[in-house]
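Results of the structural survey
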Amino acid sequence: MSEQDTGSVSDVLIKYYDGTERTATIVDEEVPYPDGKLIVSRTDPQGIITHANQAFVDMSAYTREELIGTNHYILRHPDMPAVAFQGLWETIESGKKWQGYVKNLRKDGKYYWVKATVIPNIRNGKLVGYTSVRRKPSRSKIRESEALYETLK
Ligand SMILES: Cc1cc2nc3c(=O)[nH]c(=O)nc-3n(C[C@H](O)[C@H](O)[C@H](O)COP(=O)(O)O)c2cc1C
């Protein structure tokens, strides 16, 4: 296949906040968010995935077995600025809901944009984890976020 068919391909070293790192293959090709679907996942208080719905499995291109027990940062795309996730964690750790636009990395190296809402799950006054629900973002919000994140990197 030519580059025009697949988008450019490169290997990028991704360093995570907790000090771990991995080399990921990045394919500059978007997989459009499917109409009418909600992508849902739940994590424990540390961001380890405890639940993934079928739409999440399908869009991430990982199996459910690969996702459960893994840190949610497995989806982090190198085009996302660290400051976006600092804002996410500050907000949800203080017990508030966070909303934002996220470019996610699939197992096959392609990407997909989501409009994410992350909420803290509180049971009997205790934080037990977080839930993220993603919806299809508008094209104009994707373009705005791309431009903003480019300046923040
Ligand atoms: C419920 C929940 C859902 C999350 N969803 C995503 C996601 O879809 N994509 C992503 O890159 N990070 C997501 N994160 C943030 C990651 O935990 C992580 O902070 C981020 O990928 C950046 O990685 P880093 O903190 O190692 O730099 C989510 C966190 C929580 C608590």
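Above this text is the structure in question.
Each chain carries its own residue numbering, running from 1 in the direction its sequence is written. In keeping with the predicted nature of the model, local features appear solely for residues at pLDDT of at least 70, side-chain atom pairs appear and are counted solely at 80 or more, and the whole-chain, interface and lining totals rest on all residues. Working from all heavy atoms in the structure, the side-chain values ignore hydrogens and water.

Topic: the overall build of the chain
Inclusion rule: Each helix is a run of H or I in the DSSP string that is no shorter than four residues. Each strand is a run of E no shorter than two, and both are numbered from the N terminus. Should any heavy atoms of two residues lie within 4.5 Å, those residues are considered in contact. Where accessible areas are quoted, they stem from the Shrake-Rupley method and a 1.4 Å probe; at the residue level, only the protein chains shown are allowed to cover. Positive charges come from Lys and Arg, negative ones from Asp and Glu, while His and the chain ends are left out of the count. Positions of charges follow a simple convention, taking NZ of Lys, CZ of Arg, CG of Asp or CD of Glu.
Summing up its helical and strand segments, the chain has five helices and seven strands in all. In sequence order, the secondary structure elements of the chain are arranged as α-β-β-β-β-α-α-α-β-β-β-α. Its C-alpha atoms give the chain principal-axis dimensions of roughly 55 × 35 × 35 Å. When contacts within the chain are restricted to residue pairs at least 6 apart in sequence, long-range pairs at least 24 apart make up 48% of them. With an accessible surface of roughly 8,800 Å², the chain has 50% of that area assigned to carbon and sulfur atoms. Once the 22 positive and 20 negative side-chain charges of the chain are each reduced to a mean point, those two points are 8 Å apart.

Observations regarding helix H5 (residues 139-152)
How we decide: Working rule for helices: expected span equals 1.5 Å times residues minus one. Relative accessibility thresholds used throughout: buried, under 20% of the residue-type maximum; exposed, over 50%; partly exposed, between the two (1.4 Å probe, protein chains only). By construction, the arc corresponds to the directions joining the helix axis to the C-beta atoms.
For H5, spanning 14 residues, the distance from its first C-alpha to its last is 20 Å, which sits close to the expected 20 Å at 1.5 Å a residue. Listed in full, the buried residues belonging to H5 are Ile142, Ser145 and Tyr149. Angular distribution of buried residues about the axis of H5 spans 65°; they occupy a single face of the element. Opposite the packed face of H5, turned more than 90 degrees from it, sit the exposed residues Arg143, Glu150 and Thr151.

Focus: unusual backbone geometry
A positive phi angle is found at alanine 61, which is not glycine, with a value near 70°. As for its position among the elements, alanine 61 is in the loop between helix H2 (54-60) and helix H3 (64-67). Of note in this structure, asparagine 124 is not a glycine but carries a positive phi near 50°. Structurally, the position occupied by asparagine 124 is in the loop between strand S6 (111-123) and strand S7 (126-135). Look at asparagine 124 and you get exposed, because its relative accessible area is 84%.

Section: the nonpolar core
Put simply, the rule is: Residues enter a nonpolar core if they are buried and are Ala, Val, Leu, Ile, Met, Phe, Trp, Tyr or Cys, with the set joined through side-chain atoms within 4.5 Å.
In this structure, Ile39, Phe56, Leu67, Trp98 and Tyr112 are the most contacted members of the largest nonpolar core, which totals 29 residues. Every element with two or more residues in this core is listed here: strand S4 (49-52), H2, helix H4 (82-93), strand S5 (98-105), S6 and H5. Setting aside residues up to four positions removed in sequence, isoleucine 39 forms contacts with Tyr33, Asn53, Ala55, Phe56, Met59, Tyr112, Ser132, Val133 and Arg134. Membership of the second largest hydrophobic core comes to five residues, among which are Ile14, Tyr16, Ala24 and Ile26.

Digging into the pattern of salt bridges
Test applied: Any carboxyl oxygen of Asp or Glu within 4 Å of a side-chain nitrogen of Lys or Arg constitutes a salt bridge here.
Counted according to the given criterion, the structure contains eight salt bridges. Its salt-bridge partner being arginine 139, residue glutamate 30 comes within 2.9 Å of it at the nearest N-O pair. Note that glutamate 30 is positioned in the loop between strand S2 (21-27) and strand S3 (39-43) and arginine 139 in helix H5, a separation of 109 residues in sequence.

Details of the site of the ligand
Operational definition: Nearness of a residue to a molecule or strand requires only that one of the residue's heavy atoms be within 4 Å of it. Here a polar contact means two N or O atoms within 3.5 Å. Within protein one must be a hydrogen donor candidate and the other an acceptor candidate, and residues neighboring in sequence count only if both atoms are side-chain atoms. Three classes are used, and their members are as follows: Ala, Val, Leu, Ile, Met, Phe, Trp, Tyr, Cys and Pro are nonpolar, Asp, Glu, Lys and Arg are charged, and the others, Gly among them, are polar.
The full set close to the ligand counts 17 residues, and Tyr17, Arg76, Trp89, Asn104 and Arg134 are the nearest of them. Within the backbone of tyrosine 17, an N or O atom sits 2.7 Å from an oxygen atom of the ligand. In the model, an oxygen atom of the ligand is placed 2.8 Å from a nitrogen or oxygen of the tryptophan 89 side chain. Relative to its unbound accessible area of 600 Å², the ligand is 94% covered by the protein chains. Residue assignment for the shell around the ligand shows that the elements contributing at least two residues are H4, S5 and S7. For the shell around the ligand, the element with the highest residue contribution is H4, accounting for four residues. Split by residue class, the shell around the ligand holds eleven nonpolar, four polar and two charged.

Structural measurements only, silent on function.
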